[in-house]
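A closer look at the structure
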Amino acid sequence: MITDTSAIAAGATIAALQVQSLLDPLDNRILLCHALGLSRVGLITQSELALDQDQAARFAALVRRRLDGEPIAYIVGQREFFGLPFEVNGAVLIPRPDTELLVELALERLPPRGRVLDMGTGSGAIAVALAHTRRDAEVTALDVSADALAVARRNAAANQARVAFLQSDWYAALDGAPPFDVIVSNPPYIASGDRHLSEGDLRYEPAGALTDHADGLSALRIIIAGAAQRLKPRGWLLMEHGYDQSAAVRQLLTEQGYTDVQSWTDLAGIERVTGARTH
Ligand code: GLN
């Protein structure tokens, strides 16, 4: 494979730059679209267009960032989740397709005009997907990071989703809020020292969104310990967790007196979400 971006020069056509790609073909197409301001269809219909000097320089710079390891979503500043576009930057985790399971499970359990809380909202992906799908819902989303909340607020506005945002260290600033029908969270659950933290896209994502700097379960413990008193009777707590944490999370829920404790599998068949109800 060529790793020299000097091959990306004025005069090269869109078609040629896809044949001699320095990157994974999909990544390459996304960056080409971004550099040229074209849609995917535009790349096809204008495949014989030759890049001018500015366009070539812009595309080469994007390819260089990707070759250096930066995630595609941060380079283009966007990622799709639940069929909606989300702005992302280094202050927030990049939404994962597996997290759509958490949204679907919450939607199935949210009563008409129900109240739902998203803890550690990051880009706002979960809260905005819920509010966009269920206009009748009262969605509250919190995060400890002001930078993340700024991104989440823009995502809610851009997707015309009505979400009440709150800066809060887990439940700390939530006192006095009426009880919720559903609490959801995709908290930091990677144990400190896990090798994944120093590999691939995760190197660029905010550490505080990925790891609890402990055994991986500390944020889940805090959420589980505090949810029961903030949920209505028979309310649901639903949490995403790591590939090997489902049994531990079920045990924590059972110990804390929840009922209907169960786990659901993600697109890869791995137990990825665990939830339970209050009495
Ligand atoms: N699912 C993410 C990963 O393993 C981690 C997200 C999180 O910690 N909430 O890449």
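Below you will find a few notes about this structure. Being a predicted model, the structure only gives us computed values, none of them experimental. (Residues numbered from 1 in each chain as written. Predicted model: local features only at pLDDT ≥ 70, side-chain atom pairs only at ≥ 80, totals over all residues. Heavy atoms only, no water.)

**Thoughts on the environment of L102**
For clarity, the threshold we go by: Helix and strand assignments follow DSSP, with helices taken as H or I runs no shorter than four residues and strands as E runs no shorter than two, numbered in order from the N terminus. Each residue is assigned to one of three classes by its accessible area relative to the maximum for its type, calculated with a 1.4 Å probe on protein chains only: buried under 20%, partly exposed between the two thresholds, exposed over 50%. The contact definition used throughout considers only heavy atoms, calling two residues in contact when any of these lie within 4.5 Å.
Relative to the helices and strands, L102 resides in helix α6 (residues 100-109). A relative accessible area of 0% means that L102 is categorised as buried. Considered as a pair, L102 and A141 are 39 residues apart in the sequence and their alpha carbons are 15 Å apart. When neighbours within four sequence positions are excluded, L102 is seen to be in contact with I126, V184, S185, N186, L238, M239, E240 and V273.

**A closer look at the nonpolar core**
As a reminder of what qualifies: Only buried residues count toward a nonpolar core. Its members are Ala, Val, Leu, Ile, Met, Phe, Trp, Tyr and Cys residues joined through side-chain atoms within 4.5 Å.
L130, V163, V182, V184 and L238 are the most contacted members of the largest nonpolar core, which has 33 residues in total. Looking at this core, the elements that each hand over two or more residues are β2 (84-87), α6, α7 (125-133), β4 (138-143), α8 (146-158), β5 (163-167), β6 (180-185) and β7 (231-240). At seven residues, the largest contribution of residues to this core is made by α7. Residues contacting V163, with those up to four places away along its chain left out, are A127, V128, A131, V139, A141 and A156. Ranked by size, the runner-up nonpolar core spans 27 residues in total, among them I183, A219, I224 and L231.

**What to know about the sheet that holds β5**
This is how the line gets drawn: Here, strands pair whenever DSSP counts at least two bridges between them. For every element, the axis is a line fit to its C-alpha atoms; helices are fit only across the contacting stretch, and the angle between N-to-C directions ranges from 0 to 180 degrees.
Reading across from one edge, β5-β4-β3-β6-β7-β9-β8 is the order of the seven strands in this open sheet, with mixed pairing throughout. Where the open sheet ends on each side, the last strands, each with one partner, are β5 and β8 (259-265). Adjacent strand axes in the sheet meet at a mean angle of 15 degrees, parallel and antiparallel pairs treated alike. With respect to the sheet, α6 is in contact with β6, β7, β8 and β9 (271-277), its orientation differing from that of β7 by roughly 165 degrees.

**Here's the deal with the site of the ligand**
Just so we agree on the cut-off: Note on definitions. A residue lies near a molecule or strand when any single heavy atom of the residue is within 4 Å of it. The definition of a polar contact used here is a pair of N or O atoms within 3.5 Å, where within protein one atom must be able to donate a hydrogen and the other to accept one, and adjacent residues in sequence count solely through side-chain atom pairs. Three categories are distinguished: nonpolar for Ala, Val, Leu, Ile, Met, Phe, Trp, Tyr, Cys and Pro, charged for Asp, Glu, Lys and Arg, and polar for the others, with Gly belonging to the last.
Taken together, L93, R96, N186, P187, P188, Y189, I190, L202, A209, L210 and E240 form the complete shell of residues around the ligand. In the environment of the ligand, a nitrogen atom lies 2.8 Å from a nitrogen or oxygen atom belonging to the side chain of Y189. Its residues assigned to classes, the shell around the ligand comprises eight nonpolar, one polar and two charged.

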